[in-house]
Amino acid sequence: MSRIDESREFIPVRIAVLTVSDTRTLAEDRSGDTLVQRLTDAGHTLAARAICTDDRELIASQLREWVASPEIDVVISTGGTGLTGRDVTVEAHRDVYEKEIDAFGTVFTLISMQKIGTSAVQSRATGGVAGGTYLFALPGSTGACRDAWDEILGFQLDYRHRPCNFVEIFPRLEEHKRRK
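What counts as what
- Residues numbered from 1 in each chain as written.
- Predicted model: local features only at pLDDT ≥ 70, side-chain atom pairs only at ≥ 80, totals over all residues.
- Heavy atoms only, no water.
- Helix = DSSP H or I, 4+ residues; strand = E, 2+ residues; numbered from the N terminus.
- Rg over C-alpha atoms; globule rule 2.2 N^0.38 Å.
- Buried < 20%, exposed > 50% of the residue type's maximum accessible area, 1.4 Å probe, protein only.
- Pairing = 2+ DSSP bridges.
- Contact = heavy atoms within 4.5 Å.
- Axes fitted to C-alpha atoms, helices over the stretch in contact; angles between N-to-C directions.
- Salt bridge = Lys/Arg side-chain N within 4 Å of Asp/Glu carboxyl O.

Trainee: Sorry if this is basic, but what is going on with the overall build of the protein chain here?
Mentor: For the protein chain, the helix and strand inventory stands at 5 helices and 8 strands. Walking the protein chain from its N terminus toward its C terminus, one meets helices and strands in the order β-β-α-β-α-β-α-β-α-β-β-α-β. Taken against the 2.2 N^0.38 rule, which gives 16 Å for 180 residues, the C-alpha radius of gyration of the protein chain at 16 Å falls within 12% of a compact globule. With the principal axes as the frame, the protein chain shows a C-alpha extent of 45 × 40 × 30 Å. Here the protein chain holds 180 residues, and 48% of them are scored as buried.

In structure tokens:
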């Protein structure tokens, strides 16, 4: 079973938070606030924060900018993962991914099922890797952001988490570029 190994030292991760919305401002961004509070309470660093409209190219551009930054290890977006015509965050993420973390969406759905039942099928939460940076797209509700952090990301972004975690494989995410 998973656990925190207190004999290992905590390693803070630099995380950017992107809220995708046509209507929210930073002052009204409760989901972004939820993520910021949780990541900073855990000891991580808020590396950047922005709001972007529901525009696939704008979202992908912001993701690429943050992936290219040596000051950002992880990007978490909130909003735009549903089924309506304006929900294009998942497509924008996939435009940027080099590899998708397929099980992230599956595990998120399993957790959501316990909270909201079959309504969990309407979420398209996703995760992936690009340029040595982890990217996660979460629904825009505060509950979904809480669940994703408390049940998945809080553990996987903690170097002390056993049996394995995302942090310990950071150095290997781009090992293919070093091979000859």
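Text resumes after the structure shown.
Trainee: Please explain the sheet that holds strand β4 (residues 74–78) as it appears in this structure.
Mentor: Pairing within the open sheet is mixed, and its 6 strands lie in the order β3-β2-β4-β7-β6-β5. Unpaired on one side and paired on the other, β3 (45–52) and β5 (99–100) mark the two borders of the sheet. For strand β2 (residues 14–20) and β4, the ladder comprises 5 bridges, and the chain directions are parallel. Bridge assignment links T19 to a residue of β4, and that residue is T78. On top of the sheet, helix α2 (residues 56–68) reaches β2, β3, β4, β6 (126–130) and β7 (133–138); it is set at about 175° to β2, its chief contact.

Trainee: So what exactly am I meant to see when it comes to the pattern of salt bridges here?
Mentor: Once their charged atoms are close, side chains differing in charge can pair, the charge on each being opposite to the other. In total, this model carries 15 salt bridges according to the counting rule given. For the salt bridge of R14 with D73, the shortest nitrogen-to-oxygen distance reads 2.9 Å. Within this pair, whereas R14 is found in strand β2, its partner D73 is found in the loop between α2 and β4, the two being separated by 59 residues in sequence. Owing to a relative accessible area of 14%, D73 belongs among the buried residues under this scheme. The salt bridge partner of D158 is R160, with a shortest N-O separation of 2.8 Å.

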